[in-house]
Amino acid sequence: MADESFRHSFHGLVIIDANTDKEIYAVNGDAYFTPASNTKIVTFYTGLRLLPKNIPALRYMVANDTVFFEGTGDPTWLHPYFKDSTAIHWLQKQGNLALFTKNHQEKRFGPGWAWEDYDTYFSPEKSMLPLYGNVVMMSNNDALEVSPGNFKNQITLKDTTIHREEFQNRFYISPTEQDTLEIPFITNDTLSKGLLESVLGKEIVLAKQFPEGKKQVIYGVDTDSIYKRMLFVSDNFLAEQLLLAASGMISDTLSTQKAIDYMLGNDLKDLAQQPRWVDGSGLSRYNLFTPRSFVHILQKLHDELPEDRLFAIFPMWGPDSTVEEWEDTTTEPFLFAKSGSMGNNYNLSGYIKTKSGKLLIFSFMNNHFRVPSQVIREQMYTTLKHLYEHY
């Protein structure tokens, strides 16, 4: 980037031909950048390597006329978007139920997450058996509407700068608020038990331990639908839960770190620059990846997935952001890429389908700039469109 606006910031770009592995361009390709939500590309690859076609929704065992069950990290139970009730319907048909909640080594937030984001829609808590996306949805147009309804008595109509108390499930919505709010709630075993009992219409006991023996699995929605939603709207909650669910395929104890360690020691051990990788979403500034690492992972994705499936999952990207419909009326859709942004950082990694029919893989990382991010995005789009037209 020769523009004066970029003189004092840090930029890296690596481009290869997907079919020949030929490197077309590289600058700062081996340097570490804060990836932000580009981390979700690695989470996507982890899910593809470890998770089955349909996500494990719960694990269970029958002992002494009781069904003991535990969460798998599946994010879709009663989720506002997926609204999956597969496990709910199965549990409703069972007799005595005992929920085991100690199958994890996890804190509610990831390392390096911003503490002040506790009441923002993009920062729900992680949990082993998330319900309703671990958020309360509320609106106050004609009347106060709340989902799940269990929280209705904990909501106050009030003008305030926060939407929830930091350490208790006490929520606030302005009397003049026109939008539907999504506010994370604080999870705990008693709350999970109560929410489940409400929807099941039956009592559950909290089990102190899980019986010995082979656990059975109930499967939920197609994982591709979760990957697609995660990448398209850059959903942090889905990303974190997918990494937890993936860890359940290699260990009885759900753990983000176990999934990361496994991937770095196996499927990603051939990365030229080993990353610092700490979460599934990229919310943490502790994450460090190089452009070359992202290109390498994107090449793996292309090698291991049919293109029609890959590009049905990967989002299209236009000059402003991820798009459902292509915005540049002068060209065919040619950019399939995941963006990643946080204060002073904007990255984009993915694929370019060139006008000549070639497929390029790129990672374009930009850190520590002080210009508006729109300036960065416009410069990136100009560069990538030039590749589309001339390579």
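Structure's up top.
Residues numbered from 1 in each chain as written. Predicted model: local features only at pLDDT ≥ 70, side-chain atom pairs only at ≥ 80, totals over all residues. Heavy atoms only, no water.

Trainee: Could you give an account of the side chain of Lys338, with specific residues and numbers?
Mentor: Along the polypeptide, Lys338 turns up in strand E15 (residues 335-342). Among buried charged residues, Lys338 stands out as having no salt bridge; its nearest opposite-charge side chain is Asp235, 11 Å away. (Helix = DSSP H or I, 4+ residues; strand = E, 2+ residues; numbered from the N terminus. Buried < 20%, exposed > 50% of the residue type's maximum accessible area, 1.4 Å probe, protein only. Lys, Arg positive; Asp, Glu negative; His and termini not counted. Salt bridge = Lys/Arg side-chain N within 4 Å of Asp/Glu carboxyl O.)

Trainee: Kindly report on a nonpolar patch on the surface, identifying the contributing residues and their values.
Mentor: A cluster of nonpolar side chains, namely Met249, Ile250 and Tyr262, defines an oily patch on the protein surface of about 220 Å² accessible area. Mapped onto the secondary structure, Ile250 falls in the loop between helix H5 (236-247) and helix H6 (256-265). (Patch = residues over 30% accessible without salt bridge, like charges linked within 9 Å, V, L, I, M, F, W, Y side chains within 5 Å. Areas by Shrake-Rupley, 256 points an atom, 1.4 Å probe, with all protein chains shown as cover.)

Trainee: Pulling in residues and values, what's your account of the packing of aromatic side chains?
Mentor: Counted under the stated rule, the structure contains 19 aromatic pairs. Considering the side-chain rings of Phe311 and Tyr351, the 5.3 Å spacing of their centres and the 85° angle between planes classify their relative orientation as edge-to-face. Of the two residues, Phe311 is situated in helix H8 (residues 307-313) and Tyr351 in strand E16 (residues 345-353); the sequence distance between them amounts to 40 residues. Taken as a pair, Phe311 and Tyr351 share a single burial class, namely buried. Ring pairs connect the aromatic residues Phe44, Tyr227, Phe311, Phe314, Phe336 and Tyr351, which therefore count as one cluster. Above the plane of the ring of Tyr391 lies Lys358, whose end atom (NZ or CZ) is 5.7 Å from the centre. (Phe/Tyr/Trp six-rings, centres within 6.5 Å; stacked < 30°, edge-to-face > 60°. Lys NZ or Arg CZ within 6 Å of the ring centre and 35° of its normal.)

Trainee: Describe the sheet that holds strand E3 (residues 54-63), with residues and values.
Mentor: Spatially, E11-E5-E4-E3-E12 is the arrangement adopted by the five strands of the open sheet, whose pairing is mixed. The open sheet terminates on both sides in strands that have one partner only, identified here as strand E11 (205-207) and strand E12 (216-222). The mean inter-strand angle of the sheet, taken between neighbouring strand axes irrespective of direction, is 35°. Direction of pairing for E3 relative to E12: antiparallel, over a ladder of five bridges. When the bridges of E12 are listed, Pro56 appears paired with Tyr219. Those strands touched by helix H3 (residues 189-200) are strand E4 (66-71), strand E5 (96-100) and E11, and its axis lies near 135° from that of E11. Across the sheet, helix H4 (residues 223-233) is in contact with E3 and E12; its angle to E12 comes to roughly 50°. (Pairing = 2+ DSSP bridges. Axes fitted to C-alpha atoms, helices over the stretch in contact; angles between N-to-C directions. Contact = heavy atoms within 4.5 Å.)

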